[in-house]
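Here's the letter readout for the chains.
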Amino acid sequence: MIEMLQWTTLIASGAATLSRIPNLVRRKNGSMFYILGLMTLAILLSIKGPYLAIDGLLGGTNMANLLLRFVILGAIYFLGIRIAAGFGDERGLRLVRGPAGMLAFGLVAIALLVSFILMDTAGSSVGMGTVDDRNEWNAVVVEYYAAAGRAYPAYVCLVLLPGTVRAFRSSLPAVLRASALLLAVGSAAIAVSVLFPLIPPAVGYLKFVINYTAILCFVAGLALIWVASGRAGRRQGALSVERR
């Protein structure tokens, strides 16, 4: 079930990324392509087969996991800016790319690098699953590493949540309100990830469900924004023709 969810999410995100290539070529709203591309790469690096292959090329010391963490940081940063700007959320935009947001990004990046250096990372392990049971020290460091990786996405998503909820409850066109709802659900799901340590091992699969539900909501929400933009462009074009 989990593997099917992973591959389904990868296919959906990959298809959305490829659909943005024409706009990228025309140098029109290229940021969406890069956001979806980073999300697709993050999903790829979280799947066992691709992860082991890529990490093997990088030396088999779980550098692929560190790469995954920074890909996620980049994707969330640009996603936060895109969503906040798209819904006119000035406060959210300021908290993502302003001093507070840059401080959060920098502290998390440093925490990830330091904890990764302090760990025994030998031997490729998806999600660092077999790295945290080598000794008590390693288990503690891995826990801090994982917490740091969840902190910045949770921060950005909590910042975005009020703006997306307001947009959903506004008088915007139905497509944009549906997009806002999906993005709000995705943001809430990522914010909940800070509680992952409290989830019992018996229901550990919920972590995967929450993460991939969030990604699917983000991909679908961004796709709806694109649909709404296309409709607005066609309407504007029709009005221009009528005025001639």
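Please refer to the structure higher up on the page.
Residues numbered from 1 in each chain as written. Predicted model: local features only at pLDDT ≥ 70, side-chain atom pairs only at ≥ 80, totals over all residues. Heavy atoms only, no water.

## Digging into the overall build of the chain
Here is the rule we go by: Helix and strand definitions here come from DSSP, where helices need a minimum of 4 consecutive H or I residues and strands a minimum of 2 consecutive E residues; each element is numbered from the N-terminal end. It is over C-alpha atoms that the radius of gyration is taken, and the globule rule equals 2.2 Å times the number of residues to the power 0.38. Contacts are assigned to residue pairs with any non-hydrogen atoms lying within 4.5 Å of each other. Computed by Shrake-Rupley with a 1.4 Å probe, the accessible areas treat only the displayed protein chains as cover when residues are assessed. His is not counted here, nor are the chain ends, while Lys and Arg score as positive and Asp and Glu score as negative. Note on charges: their place is set at NZ of Lys, CZ of Arg, CG of Asp or CD of Glu.
Scanning the chain from terminus to terminus reveals 10 helices and 0 strands. For the chain, the α and β elements follow one another from N to C terminus as α-α-α-α-α-α-α-α-α-α. Over its C-alpha atoms the chain spans a radius of gyration of 19 Å, differing by no more than 12% from the 18 Å that the globule rule assigns to 244 residues. With the principal axes as the frame, the chain shows a C-alpha extent of 75 × 35 × 35 Å. The long-range fraction of contacts in the chain, counting pairs at least 24 apart against all pairs at least 6 apart in sequence, stands at 70%. Here the chain displays about 12700 Å² of accessible surface, and carbon together with sulfur accounts for 70% of that area. Taking the average place of the 21 positive charges on the side chains of the chain and the average place of its 10 negative ones, the gap between the two points comes to 20 Å.

## Details of a nonpolar patch on the surface
Quick note on the threshold: Patches here are clusters of residues that have more than 30% relative accessible area and form no salt bridge, with a 9 Å joining cutoff for like charges and a 5 Å cutoff for nonpolar side chains (Val, Leu, Ile, Met, Phe, Trp, Tyr). Salt bridge, as used here: a side-chain nitrogen of Lys or Arg that lies within 4 Å of a carboxyl oxygen of Asp or Glu.
A cluster of nonpolar side chains, namely Leu57, Leu58, Met63 and Leu67, defines an oily patch on the protein surface of about 390 Å² accessible area. Looking at the secondary structure, you find Leu67 in helix H5 (residues 63-86).

## So, the environment of Cys157
As for its placement among the helices and strands, Cys157 is situated in helix H8 (residues 136-168). Considered as a pair, Cys157 and Ser193 are 36 residues apart in the sequence and their alpha carbons are 11 Å apart. Among all residues touching Cys157, those that are not within four sequence positions of it are Ser187, Ile190, Ala191 and Phe218.

## A closer look at the packing of aromatic side chains
To describe a pair of aromatic rings, one takes the distance between the centres and the angle between the planes. Stated precisely, the cut-off is as follows: Pairs were defined over the aromatic rings of Phe, Tyr and Trp, the Trp ring being its six-membered one, requiring ring centres within 6.5 Å. Orientation was assigned from the angle between planes: stacked under 30 degrees, edge-to-face over 60, tilted for the rest.
As enumerated under the stated definition, the model contains 6 aromatic pairs in all. Taking 5.5 Å as the distance between ring centres and 80 degrees as the angle between the ring planes, the aromatic pair formed by Phe33 and Tyr34 counts as edge-to-face. Ring centres of Phe105 and Tyr152 lie 5.2 Å apart, and the angle between their planes is 85 degrees; on these two criteria the pair is classed as edge-to-face. Here the residue Phe105 occupies a position in helix H7 (residues 99-118), and Tyr152 occupies one in helix H8, the gap between them amounting to 47 residues.

## Digging into the nonpolar core
Stated formally: Among the buried residues, those of types Ala, Val, Leu, Ile, Met, Phe, Trp, Tyr and Cys that are joined through side-chain atoms within 4.5 Å form a nonpolar core. The classification of residues rests on relative accessible area computed with a 1.4 Å probe and restricted to protein chains. Under 20% of the type maximum is buried, over 50% is exposed, and intermediate values are partly exposed.
One finds Met39, Met119, Tyr152, Phe218 and Leu222 to be the most contacted residues of the largest nonpolar core, which totals 51 residues. Of all the secondary structure elements, the ones that give two or more residues to this core are helix H1 (2-19), helix H3 (30-45), H5, helix H6 (90-97), H7, H8, helix H9 (174-192) and helix H10 (205-243). Element by element, the count of residues in this core is highest for H8, at 10 residues. With residues up to four places along the chain from it excluded, the contact list for Met119 reads Met128, Val131, Asn138, Val141, Val142 and Tyr145. Listed in part, the 6 residues of the second largest apolar core include Leu45, Tyr51, Leu68 and Val71.

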